[in-house]
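# Descriptive structure summary
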Amino acid sequence: MSSKEVYCVGARVWVRDPECVWRGATLKSDYVKDVLTVELEDSGEERELTVKDDSALPPLRNPDILIGENDLTSLSYLHEPAVLYNLRVRFANHGSIYTYCGIVLVAINPYEELPIYGSETIWAYRGKAMGDLDPHIFAVAEEAYTKMERVNTNQAIIVSGESGAGKTVSAKYAMRYFATVGGSAEQETQIEKKVLASNPIMEAIGNAKTIRNDNSSRFGKFIEIDFNKSYHISAANMRTYLLEKSRVVFQAADERNYHIFYQLCSVADREEFQELELGHQDEFFYLNQGGSPTIAGVDDARCFDQTREALTLLGLERRVQTALFRTLAAVLHLGNVQFREEMAGGEEACSVTKGDKCLPVVARLLNVDHEQIRHWLCKRKIVSMRETFTKSMNLKEATSSRDALAKHIYAQVFSHIVSRINKSLETREKVHRFIGVLDIYGFETFEVNSFEQFCINYANEKLQQQFNQHVFKLEQEEYVKEQIEWTFIDFYDNQPCIDLIETRLGVLDLLDEECRMPKGSDHSWVEKLYDKCRKSDHFEKPRLSNTAYVIVHFADKVEYESAGFLEKNRDTVLEEQINVLRASLDPVVSGLFAAEKPAGKLVPVKAAAAGKPATQNKKTVGSQFRESLSMLMTTLNSTTPHYVRCIKPNDRKEAFGFEPHRAVQQLRACGVLETIRISAAGFPSRWLYQEFFYRYRVLCTTKDIQRNDMRVTCENILSNLIKDEDKFKFGRTKIFFRAGQVAYMEKLRGDRLRACGIMIQKHVRGWLLRKRYQTVRGATCTLQRWVRGFMARRRVRHLRRTAAAVLLQSQARGFVARRRYQRLQRLALGLQARARGLWARQRYQRMRQDRAAVVIQRHVRGLLCRRRYARTQRQIVLLQSCVRRVIAKRQLKSLKIEARSIDHQKKLNKGLENKIISLQQRITELSSEHSGLKQRQAEFDQLTADHRKLKTEAAELRRQTGRLAELEAELAQLRQQLDQERCEKVDLVNERDRIEKEGRDRIQQLNEENEKLRQQIIRDEELKQKQELESKELLKTKVNLEKSALNAEYDQERMAYQRLVQENARLEQRNETLEKELQRARGGKTHKRSSSNVSGASEATTEAARDDISDLPSITSDLHDELSSIGQDIGYGSVRSRTSDQPERNLENIDWSKQNGNPDLDKTIVVPERKPLPSPDVNLVLKLQQKLKEVEADRDRLERRLERLEQGTPDSENKQAHDQIRLQDLEMENAKLKADLQKLRQSIASGSGDDPGNDLMLQFHALQDELERRREECIQLRTVIANNASWPMRSLEDRDTSEEGEVLMAFETQKQINRQLAEELHLEKEERVRLLQMEAEYRQEMTQLKADNERQQKLISQNLGSAHTGQNEAIMQHEITRLTAENLDLREKIDNLAEQVKKYKKQVKLYAKKLKDMGASQQKRRSGYYGAEPSAEQLEGGPADGSGMPAIRHKSVEYVGMFEYKKEDEELLIRSLIFDLRPKTAAVLLPGLPAYILFMCIRHTDLVNDDEKVRRLLTAAINGVKRVVKKRRDDVETLIMWLANVCRLLHNLKQYSGDKAFQSENTEKQNEQCLKSFDLSEYRQVLSDVAMWIYQLVIKQLEERVQPVVVPAVLEHEAIAGLTGRPAGIRGRAGSSARQLESPVSSEAALDALHSSLKKIHRTLGELGVDPEITAQIFKQLFYAICAHSLNNLLLRKELCHWTKGMQIRYNLSHLEQWCRDNRLHDPETGVMDTLQPIIQASQLLQARKTEEDVARVCDMCDKLTTPQIIKILNLYTPDEYEERVPISFIRKVQEHLQQHRDPETDGSARLLMDSKFAFPVRFPFNPSNIRLEDIEIPDILKLPMLKKL
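Before going into details, it helps to say that this report is about the structure given with it. (Residues numbered from 1 in each chain as written. Predicted model: local features only at pLDDT ≥ 70, side-chain atom pairs only at ≥ 80, totals over all residues. Heavy atoms only, no water.)

### Observations concerning the overall build of the protein
- Looking only at helices and strands, the protein features 54 helices and 25 strands.
- Going through the 1846 residues of the protein one by one, you find that 45% of them count as buried.
- For the protein, the share of sequence-separated contacts (at least 6 apart) that also reach a separation of at least 24 residues comes to 73%.
- Total accessible area computed for the protein in this model is approximately 99,100 Å², and 52% of it derives from carbon and sulfur atoms. (Helix = DSSP H or I, 4+ residues; strand = E, 2+ residues; numbered from the N terminus. Buried < 20%, exposed > 50% of the residue type's maximum accessible area, 1.4 Å probe, protein only. Contact = heavy atoms within 4.5 Å. Areas by Shrake-Rupley, 256 points an atom, 1.4 Å probe, with all protein chains shown as cover.)

### Thoughts on the sheet that holds strand S17 (residues 539-540)
- Read across the open sheet, the three strands follow the order S17-S18-S19; overall the sheet is antiparallel. Only two strands of the sheet have a single partner each, and these edge strands are S17 and strand S19 (557-561).
- Judged from the five bridges that link them, strand S18 (residues 548-552) and S19 form a sheet pairing that is antiparallel. For Tyr 549, the partnering residue across the bridge sits in S19 and is Tyr 560. (Pairing = 2+ DSSP bridges.)

### Brief notes about a negative patch on the surface
- A surface patch of like charges, here negative, comprises Asp 1020, Glu 1021, Glu 1022 and Glu 1028.
- Within the secondary structure layout, Glu 1021 lies in helix H29 (residues 985-1083). (Patch = residues over 30% accessible without salt bridge, like charges linked within 9 Å, V, L, I, M, F, W, Y side chains within 5 Å. Salt bridge = Lys/Arg side-chain N within 4 Å of Asp/Glu carboxyl O. Lys, Arg positive; Asp, Glu negative; His and termini not counted. Charge placed at Lys NZ, Arg CZ, Asp CG, Glu CD.)

### Some points on unusual backbone geometry
- The phi dihedral of Val 21 is positive, around 70 degrees, even though this residue is not glycine.
- As for its placement among the helices and strands, Val 21 is situated in strand S2 (residues 21-27).
- Even without being glycine, Leu 242 reaches a positive phi, approximately 50 degrees.
- Relative to the elements of secondary structure, Leu 242 occurs in the loop between strand S11 (233-241) and helix H7 (259-266).

### Quick look at the pairing of S11
- Here strand S10 (residues 220-227) pairs with S11 via eight bridges, running antiparallel. Along S11, the bridge assignment pairs Phe 227 with Ile 233.
- Counting the residues that bridge the hairpin from S10 to S11 gives five residues, and of these Tyr 231 lies at a positive phi of roughly 60 degrees.

### What about the environment of Leu 1485?
- Mapped onto the fold, Leu 1485 is located in the loop between helix H41 (1479-1483) and helix H42 (1489-1504).
- Considering only alpha carbons, one finds Leu 1485 and Glu 1663, 178 residues apart in sequence, at a separation of 9.5 Å.

### Topic: the nonpolar core
- Within the largest apolar cluster, 330 residues are counted, with the highest numbers of intra-cluster contacts made by Phe 178, Tyr 549 and Ile 1590.
- Not counting chain neighbours up to four residues away, the residues in contact with Phe 178 comprise Ala 141, Ala 144, Tyr 145, Ile 157, Gly 183, Ile 225, Phe 227, Ile 233, Ile 435 and Val 437.
- In terms of nonpolar packing, the next biggest core, distinct from the first, is built from 21 residues, Met 710, Ile 717, Phe 737 and Leu 748 among them. (Core = buried A, V, L, I, M, F, W, Y, C linked by side-chain atoms within 4.5 Å.)

### Some words on the sheet that holds strand S4 (residues 46-50)
- With antiparallel pairing, the four strands of this open sheet are ordered in space as S1-S2-S3-S4. Pairing within the sheet leaves two strands with one partner each, and these edge strands are strand S1 (12-17) and S4. With strand direction ignored, the average angle separating the axes of adjacent strands in the sheet is 50 degrees.
- Pairing between strand S3 (residues 35-40) and S4: five bridges, direction antiparallel. In the strand pairing of S4, Val 38 is matched with Arg 47.
- Across the face of the sheet, helix H2 (residues 80-93) comes into contact with S1 and S2 while running at roughly 105 degrees to S2. (Axes fitted to C-alpha atoms, helices over the stretch in contact; angles between N-to-C directions.)

### Notes on the pattern of salt bridges
- By the definition in use, this model includes 54 salt bridges.
- When the shortest N-O distance is used, the salt bridge between Glu 659 and Arg 652 registers 2.3 Å.
- Relative accessible area serves as the criterion here: at 53%, Arg 652 is assigned to the exposed category.
- As a salt-bridge pair, Arg 1014 and Glu 1011 come within 3.9 Å of each other at their nearest N and O atoms. Highlighted residues: Arg 1014 and Glu 1011, both in helix H29, separated by three residues, approximately one helical turn.
- What makes Arg 1014 partly exposed here is its relative accessible area of 29%.
- Put simply, Asp 17, Arg 23, Glu 45 and Arg 47 are held in one network by salt bridges that share partners.

### Side note on a nonpolar patch on the surface
- Residues Ile 760, Val 764, Trp 767 and Leu 768 make up a contiguous nonpolar surface patch of about 400 Å² in total accessible area.
- Using a relative accessible area of 45% as the deciding quantity, one classes Leu 768 as partly exposed.

### Observations regarding a positive patch on the surface
- On the surface, Arg 793, Arg 794, Arg 797 and Arg 801 cluster together into a positively charged patch.
- On the secondary structure map, Arg 793 appears in helix H25 (residues 741-899).

### Some points on the packing of aromatic side chains
- Taken as a whole and assessed by the stated rule, the structure comprises 40 aromatic pairs.
- Ring geometry for Tyr 549 versus Tyr 560: centroids 5.5 Å apart, planes at 35 degrees, classification tilted. Placement of the pair is Tyr 549 in strand S18 and Tyr 560 in strand S19, with a sequence separation of eleven residues.
- Of the residues examined, Tyr 549 reaches a relative accessible area of 0% and is grouped as buried.
- Taking relative accessible area as the criterion, Tyr 560 reaches 0% and is therefore assigned buried.
- Through a chain of ring-to-ring contacts, three or more aromatic side chains come together here, namely Phe 451, Phe 454, Trp 525, Tyr 530, Phe 539, Tyr 549, Tyr 560 and Phe 565. (Phe/Tyr/Trp six-rings, centres within 6.5 Å; stacked < 30°, edge-to-face > 60°.)

Okay, here's the thing in structure tokens:
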């Protein structure tokens, strides 16, 4: 690749610019000779560049794919303009302040608070490698922490930069990260708090406002954070370097002194600080020199409070703090001490001004002698060989001495506070490893550079040398690791510059030598430098100055002014002044100066050679700094360093303002460009083989590709592209490229894609032109066809008109002829009709007269005959009446005689036994229901209403009977009148007929009214029930609304309470840990063997036996699986059962379609995967798959509905049988009454026979006899019932000797048998009818589904038939074929399932029969309660050992639902029930069985009223649960098991507490079983706290389980590999060993792994009996964690923010949504799916259009995302191939729209990442149990023989 190939027309380059440093341009001509013509991109200006040779060519620009990269070394062209532009794009456009440069983190100060340092950000970076997420200071801290853990070496983080670049903030955040992740628990311990508390203290005493920074550190510090073997923070240590003491007495303009002075002045008005006599800061000379006493946005008073709190936390007593504050206040007052100049003995002297108020305050605050301090501020002592004398100082010397004393005092206070901080952070625990954080000044150069700048730049030279060596080492290690050939990389070595400063006869050595000279001066020292150091290449003499010198540093040349070097190096202070301070009466003040040696006495004036003063033993500041720097470098060389380079973007402190000149200057000074140069000298661009192939596969041919060996494929590609083999190297896992090669390949790739695009355009345009030609040709042909057709049609129309005219003429002539003929015909017919009519009328008149004569004759003759017949009939009737009256009198007399006889009474009482049995059965049932089931009160009321209705009808019947009696009396009166007036008998008969008709009408009317009243009653009952339901629904709605409002208020209290509970749990854990440590410290680790250790063998044996039983291929496992899928607990304690829609279940009710252990029934039909067509329509595929799933779900629903309706509940069957018997009785009575009434009607209607009045009287007497007999039967039955109720209480001897008891037992047995037979017959009939109906319904719905399926197939076929052969049609055809195959397989499987269902039903009947033969009570089977779930041997008829199963008890034994135990068995009870219980054992038992057992024991203690016993039991149980949970807190199944049991015990305590609020769903029996003696509401609160604690542990364990697969499953999983076509990272992180914790699965299988984990969690929660509401809350919290973890990673990973990845993420999330629907967690009330909305909206934002017209739509779509999150995603968004970048204007408009339409308080605009530790408020809703306590049995597997059931 030559320069001519690259520098061609259109190539983009960088050109120098005096304003912007570098500007982008485009070549307008090819590079041929010495001239290049370029056009500036921003202004369009053209320039000509003169190029001497190829090395002077302008730098090339990187391709767009590399713009904004996280790592500067991943750029293809590595040079200064590329680095500067990339930083500007990331900082100014994207708002990213962090960028990697190899191993260096470049941090640019944004001058604005950013929401990227919260705890959620810390945990997002925890466990991630340095290049996995966006650059961040936390990533560097995580790299150091992880290397310390894995490599087991010390680490160091070196933070450097000039003042105002943000070094202190970066170091503070790094320490915060270590304190968070290195804590000994989830919360910060005391050590971590102290480490963080040191920051505000050091900022207060060591930071100050400068021109460049409002919070500039004026000292260097190295904080060493120590860790123990568990890598928890155990201690810390701080070392400081070169405090800027001169700032205490002098500040430049617009600068401040140290913050602590201003903080003291801000609280001067407080009472406790009145003694300091401070005021406004402008009153003090040491504070008002800068003229800028305040900082915008900083409250000094609040900062002072934080400083005091930190000092208190670090162990400084208030007394010591007060003394330190007094000392600091004394420094301020000392600066206000004024001197006056005077003459003493002819020499200049000075003294303190008379009346000076400040010096007494200084003396009082320091507690020193006032006269002594006044004297020695103006005098000094000179010691000679023979004498000591005092000399006065002049005004200048006194002022310098005062300032020196103030600086020394402040330095001592600073050192004392640092030593106290270090002492507070000490620990006796052995330090295992440490991480050092070095916050040191960066390279500085000013107009006037003094001793401080010299020391700072000297330290930076040492650090730069160490940095260069480390970068070179890592670069070479990467090449060795990848086994590639490499040559030695030359790098800048600044050792000569360091030698110039620190070697013998160097700058520092000559400075110390000059300081030792009696008359040494700055000028003489500079002259020595000129003489000794001139030979060095790094030393220069300025041309225009004899008092300065120049040193060539690695960053730039710096000119140092020698004035003040010697004084600052000596750092002298008068010993007499120090002695005065040592003599202070304040122990703190005296202690500040007690340990130091005599400091800096002035050299004697005479006889200097005769003796060496003590000052010669004191080290100079330069030598001290050199030694401390040497120690620092030794420490850093023993660690693994990590580098943070802080950049100050502008001097105006403008937020996100970027000045290229300032940035370039700092990049050169901090070594970033040197890192770039070293990387560029090697192979900076690195690609994995797979990523390289996906990116550049368009540049190869098919024959070059070898799928099984990507390296060979890449070699084939590169051999054709790059001929120079030195431009790339093949490593073990990567391809290494020289600088510029990736850009060259991007150019080739772009050219190839452009050529492909042109080829596609060519064919498309040709196709369009052909289509246009064909369209024009077709239009021409069509036009010709229509013209010819028009002419032909016109010819045809002329011919047709001619033919029509001829036809019209013929028709008209025919019409005229026909009209004439018809007129003649009508005339002839009219004449004929009139003549014939006249003849007919005459004939009819004659026939009518003849007929009238015949009728008159017939009526006359009939009248005569009827009169004769009536006369004869009256005579016969009179005769018959007389005869019948005589016969009736005889019969009545005989009947009265017979009625008084015994035989007749026997005949009447013949049916008494059956009636007694019937009434006995009814009364027994009513009595049983009244005593045991008060819930059937409604039915009893209905029966009572029916009884009243019958009484009403009986009264009506009696009234009718009375009416008939009246009619009978009237008939008797008529008979008397008949005897008297026989002539009127015909009229009487007529009257009787009329009365009889009225009677019948009246009876019929009464019956109709009765029926209407009955219908009205039924309608009223229905209306009443409907109104009750509506009122209940309305009341329920109101209650729910009030409940939701109360819940909303209660959530906040609950969240606060949960935090308290969590804190309590943490404190308990901490207490336990401290106890363990105390025990270990006292006696070491000891192991005590207890019974819990011995129980392992028996438990293992039990589990092995249970595993053997569970492996039996029997129906037991099938029954268990079926019953475990139901949601209600039924049966006894050891039964594993769940609730269903029916309250009770039999063997016939089990869905056998899911049993028999057939694995094919539980698997999804897998269709062989076909090779997908290119670019399939994914939406259509998803819709078809969704439709198929819905059809399958409908089919399953219908099957379940059919099976459910085939089943019948025993309770409903019993009720139906009872109602049927009762209905039969009523029908019999009604039939009898109707028969009597019909008989009476017939007797009245018939005129012959006996007298109907007699019949009526007979029936009336019979009814009275029947009523009396029924009364006697009721009395007898009541007597029997009373005897029956008292009979069970009699002794066995009484029952044996009582004949009545035996008769009653036989009677009850026969009655039960009869009832059972009737019920079985009725149930059989009902079942047969129901099966037939449901089979017809099932077939009808199957037919409808088939019709829908055929209709959809026809519709799709029509669409396919009318479409072209495109990609969508092809994929639809493919899916139709696949779905058809699956449909056929499903139909086949349905047939197999139907056959298996039939077979299983036969087996069920067989097993039911065997169970009956084995002795199972029919009453128990009918009620649905079984003592235990039958084992395999029991179902098969074989023997069973009964292990783990309760014994079947007879109903004759009445239990009260209690377990009795002894106090000495309490420990064994707790151990067996709590400590030895395992989840596998609990899974086969009744959910919550331990809770039921404990509560039944509590009921017994309540019965005996033993408060001590119940207290001990509850305390032992709660403590046992806590111990088990703490011991097995890593076993999530154990946590779930005890969460379910604690909640069940809590529910039981509520349900049986006796409170009305918890008794709404209780039965009468359960209300009777409520606690009578104890109120355990306080224990309920304790159990609620324990449950909440366990819930939090469950959530933590579940989150840790799914967290490793969340990111691979949601973000990284790709359904179509390589679809994104984007590499995960162009350059790997060299030297980064902090790899992310290995995910258990790859990204391809991560989604399935996540599904499997969620499914397993859901199954475990269901098996162990967790309440559905709690299950929903758990998954809501779990899905929130998934969303938070995914969204936080997305916000921190730039490579994931593009369109194709958004589509993949949305596809992956759709699987989670479907899983929620499949497991019925999609209900909006649960809110599970709503927690995924943020990540869903983030994926939709990646796919949305991003134009200015879409601003409002984008903002409305992302209502669940905060404003920073939306802006962050838009900034990170990287366009795909040929996609336009998101314009900055669009992002600005989105931000403005969000700020206008969102409330900042509700939006949480300061939050970027989701809080991964957020927890929803937890509720444990009351869930009463319908299990009867008396039915619970203890299985043998629990080993609780000490419990006795009562």
